Amino acid sequence: MINNFKNFDSILQKQLATKLALTVFGVIVDVLIVVCRCSWQLIVPGLTFTIVCLLSSLILYRKCAKGDIVRLSGNCCSIERTGLRRRIKAIYVQCEDKVLRIAAQVPGVRNLSVGDKLTIYLPLEEPVYDHDGCLVIFHFIAIGKEW
């Protein structure tokens, strides 16, 4: 299991490590609530959070281990930003002969600018839509900026 983890790309390793760290945090919070002898109603949200994080990390690990992830590389050719706070609303990536529009907020990618080389990880079963000559994607696993 650890050997498989070492074979994953660094971006996917970071995603898995973050999700497992959140799972450990949830377990620690649940243990602290039990030790402090608080009401059992306080344990339910923490336990739910822990289970969701654990299942999410297991699903991601399984997809990575089976190879059910598509890796796309390309150059960022345009960035759409929101009006007020200037957050990233959509990214346009030139992949070979097609333009890929990622229509989602992109957490984790800092200082993104036009011309940066990006790597996008998608689930194998992710639907891709064609709109105005662009391929549109609404969900992704991770996006990494290559230096």
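Everything in this summary refers to the structure shown in the same document. Per-chain numbering applies: the sequence of each chain, read as written, is numbered from 1 onward. Only residues with pLDDT of at least 70 are given local features in this predicted model, and only at 80 or more are side-chain atom pairs given and counted; all residues enter the totals for whole chains, interfaces and linings. Remark: hydrogens and water are excluded; side-chain values derive from all non-hydrogen atoms of the structure.

1. Some points on the overall build of the protein
Each helix is a run of H or I in the DSSP string that is no shorter than four residues. Each strand is a run of E no shorter than two, and both are numbered from the N terminus. Across its full length, the protein holds three helices and seven strands. Start at the N end of the protein and walk to the C end: the helices and strands fall as α-α-α-β-β-β-β-β-β-β. Atoms counted for the radius of gyration: C-alpha only. Globule rule: 2.2 Å times the number of residues to the power 0.38. The C-alpha radius of gyration computed for the protein amounts to 19 Å, which surpasses the reference 15 Å derived for 147 residues by more than 25%, pointing to a less compact arrangement than a globule. Principal-axis analysis of the C-alpha atoms gives the protein an extent of 60 × 45 × 30 Å. Calculation of accessible area relied on Shrake-Rupley with a 1.4 Å probe; when residues are assessed, cover is drawn exclusively from the protein chains displayed. If you sum the accessible surface of the protein, you get close to 9800 Å²; carbon and sulfur atoms cover 61% of it.

2. Considering the environment of alanine 21
Structurally, the position occupied by alanine 21 is in helix H2 (residues 10-35). Think of it in three bands: with a 1.4 Å probe and only protein chains considered, a residue is buried below 20% of the maximum accessible area for its type, exposed above 50%, and partly exposed in between. Alanine 21 gets classed as partly exposed once you look at its relative accessible area, which sits at 45%. Remark: the alpha-carbon pair of alanine 21 and isoleucine 120, spanning 99 residues in sequence, is separated by 23 Å.

3. Some words on the pairing of strand E4 (residues 117-123)
The buried fraction of E4 is high, at six of seven residues. With seven bridges connecting them, strand E1 (residues 69-81) and E4 associate as antiparallel partners. Bridge pairing in E4 places arginine 71 opposite tyrosine 121. Two strands pair if DSSP finds at least two bridges between them. Note: E4 against strand E7 (residues 142-146), five bridges, orientation antiparallel. Bridge pairing in E7 links leucine 118 to lysine 145.

4. Examining the packing of aromatic side chains
Classification of ring pairs rests on two measures: the distance between centres of Phe, Tyr or Trp rings, Trp counted by its six-membered ring, which must be within 6.5 Å, and the angle between planes, read as stacked under 30 degrees, edge-to-face over 60 and tilted in between. With the rule as written, the count across this model stands at three aromatic pairs. Each residue in the set Phe5, Phe8 and Tyr61 is aromatic and connected to the rest through ring pairs, giving one cluster.

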